[in-house]
Amino acid sequence: MIRVGVIGYGYWGPNIVRNLQGLDDIRVEMVCDKSPSALARVRKTYPSLATTSDPCEVLRSPQIDAVAVITPVWTHYELTKAALENGKHVFVEKPFTSSAAQAEELIELAERKKLTIMVDHTFLFTGAVRKIHELVESGDLGDLYYYDSLRVNLGLFQHDVSVVWDLAPHDLSIMDHLIKKEPEAIVATGERHLNGVEDVAFMTVYFPQNMIAHINVNWLSPVKIRTTLIGGQKKMLVWNDLVADEKVRVYDKGVHIKSGEGIRDALVSYRTGDMWAPQIEQTEALRVELNYFAECILKGKKPFNDGHAGLRVVHMLEAVDRSIQKRGELVRL
Ligand SMILES: NC(=O)c1ccc[n+]([C@@H]2O[C@H](COP(=O)([O-])OP(=O)(O)OC[C@H]3O[C@@H](n4cnc5c(N)ncnc54)[C@H](O)[C@@H]3O)[C@@H](O)[C@H]2O)c1
């Protein structure tokens with residue numbers, strides 16, 4: 001049984017506690033938040049759960065094996081470091097850290113102490129992404145041509161991070177998981193309109209072998225859209241995360257070019273076959289992920305969403321920021 005201390009019970013923390021409560025191999029031992037109103041909410045929902053406003057109580061408790069860091073990004077490094085130094089495994093929110101240097105230091109510390117770091121890249125555990133991963137791995141889509149994502153809505157404005165660091169980690173972690181190629185370069189543009197951080201941004205990520213990705217994140221959109229297109233040489237798919245049924249539609253469509261003598265002789269043929277919507281697993285992603293966290297610790301397995309995966313995402317986020325600062329200059333990775 002893994003006993004977890006959860007630090008941070010704001011917007012996302014309650015989802016972590018609720019999902020942990022329903023699992024067999026892992027349970028919540030204590031919840032910490034420095035805000036009294038957050039702790040009052042914990043006590044109202046879980047009257048028997050121990051609470052504290054002092055993170056040291058969680059970090060130093062001999063009753064706790066693992067710490068879940070569900071606080072704002074700028075606190076991740078310090079809390080994760082203290083947890084590792086106290087011999088605790090760590091489940092830490094995305095994005096892993098505020099800089100690649102911090103992430104590298106934490107990875108080294110965890111490896112030295114033989115502790116697990118899992119970064120909450122929640123989307124990797126959704127039924128939709130698990131299905132898409134299966135389609136990519138089985139070769140059903142063929143070689144990937146592009147990943148194109150629209151992730152926009154009105155708010156929620158964050159004070160400490162831009163829309164890039166808030167929303168893009170979802171797509172960057174999904175791409176990292178699906179594409180499994182090291183990105184070569186990033187071009188990004190974005191603008192600040194309201195509170196000093198980018199609230200609209202467009203990113204292009206170049207991968208080897210002509211694979212290209214585009215991500216559009218926006219806190220100033222009148223409507224919420226969560227739609228991703230993935231194009232492969234054999235098949236293409238559309239993932240609309242906001243619909244209940246047929247979230248993923250796979251299209252047997254493609255283009256084939258037979259080259260003739262010159263460019264004008266090229267023969268283009270279009271294939272338009274069936275569309276099908278695979279069955280998508282409905283279990284809540286966080287439940288699957290936290291169960292996997294317990295399994296990794298108990299069986300000594302290395303999670304695929306470990307510190308290194310978190311670092312790869314932070315590397316891309318830093319490159320995006322550098323490119324935005326230079327109004328879209330190409331940044332090599
Ligand atoms: N995986 C996802 O889909 C997802 C979704 C939302 C948020 N998040 C991530 O979760 C993290 C938290 O986001 P949020 O929206 O819940 O933020 P939030 O501001 O709503 O909540 C953070 C809570 O942490 C508490 N806190 C801050 N520093 C603390 C400290 N040192 N000790 C104890 N308590 C402390 C605050 O009082 C607050 O209650 C962020 O990293 C965010 O990116 C992830």
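Above this text is the structure in question.
Residues numbered from 1 in each chain as written. Predicted model: local features only at pLDDT ≥ 70, side-chain atom pairs only at ≥ 80, totals over all residues. Heavy atoms only, no water.

J.: What am I meant to see in the site of the ligand here?
T.: Close contacts around the ligand come from 21 residues, with Y11, W12, D33, K94 and T122 the closest. Contact between the ligand and E93: a nitrogen atom at 3.3 Å from a side-chain N or O atom of the residue. Relative to its free-state accessible area of 860 Å², the ligand is covered by the protein chains to the extent of 81%. For the shell around the ligand, a count of residues per class yields 9 nonpolar, 7 polar and 5 charged. (Near = heavy atom within 4 Å. Polar contact = N/O pair within 3.5 Å; in protein donor to acceptor, adjacent residues only side chain to side chain. Areas by Shrake-Rupley, 256 points an atom, 1.4 Å probe, with all protein chains shown as cover. Nonpolar A, V, L, I, M, F, W, Y, C, P; charged D, E, K, R; others polar.)

J.: Please explain the sheet that holds strand β1 (residues 2-7) as it appears in this structure.
T.: Either a parallel or an antiparallel arrangement is found when strands of a sheet pair, and the pairing is made through backbone hydrogen bonds. The 6 strands are arranged β3-β2-β1-β4-β5-β6 in an open sheet whose pairing can be described as parallel. Edge positions in the sheet fall to β3 (50-52) and β6 (117-120), since each of these pairs with one other strand and no more. Neighbouring strand axes in the sheet, compared pairwise and without regard to direction, differ in orientation by 25° on average. With 4 bridges joining them, strand β4 (residues 66-69) and strand β5 (residues 89-93) adopt parallel strand pairing. Bridge pairing in β5 places V69 opposite V92. Contacts between helix α4 (residues 73-85) and the sheet are confined to β1, β4, β5 and β6, with β5 contributing the most and set at about 170° to the helix. (Pairing = 2+ DSSP bridges. Helix = DSSP H or I, 4+ residues; strand = E, 2+ residues; numbered from the N terminus. Axes fitted to C-alpha atoms, helices over the stretch in contact; angles between N-to-C directions. Contact = heavy atoms within 4.5 Å.)

J.: Before we go on, may I ask you to explain the nonpolar core in this structure?
T.: One recurring pattern in soluble globular proteins: nonpolar side chains tend to sit buried together. Counting residues in hydrophobic clusters, the biggest one holds 103 residues, and the most contacted among them are F96, V164, L172, M175, M203, L237 and W239. When residues of this core are assigned to their parent elements, the largest contribution, 10 residues, is made by helix α7 (residues 163-179). (Core = buried A, V, L, I, M, F, W, Y, C linked by side-chain atoms within 4.5 Å. Buried < 20%, exposed > 50% of the residue type's maximum accessible area, 1.4 Å probe, protein only.)

J.: Just to check I follow, could you spell out the environment of Q63 for this structure?
T.: Relative to the helices and strands, Q63 is located in the loop between α3 (55-60) and β4. With a relative accessible area of 42%, Q63 lands in the partly exposed category. The spacing of Q63 and M30 is 33 residues in sequence and 9.4 Å in space, taken between C-alpha atoms. Setting aside chain neighbours within four positions, we find Q63 in contact with R3 and E29.

J.: Looking at this structure, how should I read helix α6 (residues 127-137)?
T.: Structural remark: α-helix, 3.6 residues per turn; residues separated by three or four positions point the same way. Judged by how many residues are buried, α6 sits mostly within the fold: 8 of 11 residues are covered. Residues of α6 that are buried: G127, A128, V129, K131, I132, H133, L135 and V136. Considering only its buried residues, α6 is in contact with β7 (144-154), α7, β11 (220-232), β12 (236-240), β13 (248-258) and β14 (267-276).

J.: Quick question: what am I supposed to make of the environment of F96 here?
T.: Among the secondary structure elements, F96 is positioned in the loop between β5 and α5 (100-113). In this structure, the C-alpha to C-alpha distance between F96 and R312, residues 216 residues apart in sequence, is 9.7 Å. Setting aside anything within four residues of it in sequence, one finds F96 in contact with H76, A103, L106, I107, I117, V119, G307, G310, L311 and V314.

J.: How should I be thinking about the pairing of β4 in this particular structure?
T.: Because side chains alternate across β4, one face comprises the buried residues A66 and A68, and the other comprises V67 and V69, equally buried. One ladder, built from 4 bridges, connects β1 with β4; its direction is parallel. Residue pairing across strands places I7 opposite V69, the latter belonging to β4. Note that the unit made of β4, α4 and β5 has a crossover that is right-handed. (Right-handed = clockwise from strand over helix to strand, strands pointing away.)

J.: Any chance you could explain the sheet that holds β12 here in plain terms?
T.: If you trace the 9 strands from one edge of the open sheet to the other, you get β14-β13-β12-β11-β7-β10-β9-β8-β15, paired in mixed fashion. A strand with exactly one partner marks an edge of an open sheet, and here the two such strands are β14 and β15 (331-332). Direction of pairing for β7 relative to β11: antiparallel, over a ladder of 9 bridges. Counterpart to S149 in the pairing with β11 is T228. Its contacts with the sheet place α6 against β7, β11, β12, β13 and β14, and it is angled at close to 170° to β12. Here α7 sits on the sheet and contacts β7, β9 (200-206), β10 (212-218), β11 and β12; the angle it forms with β7, its principal contact strand, is near 155°.

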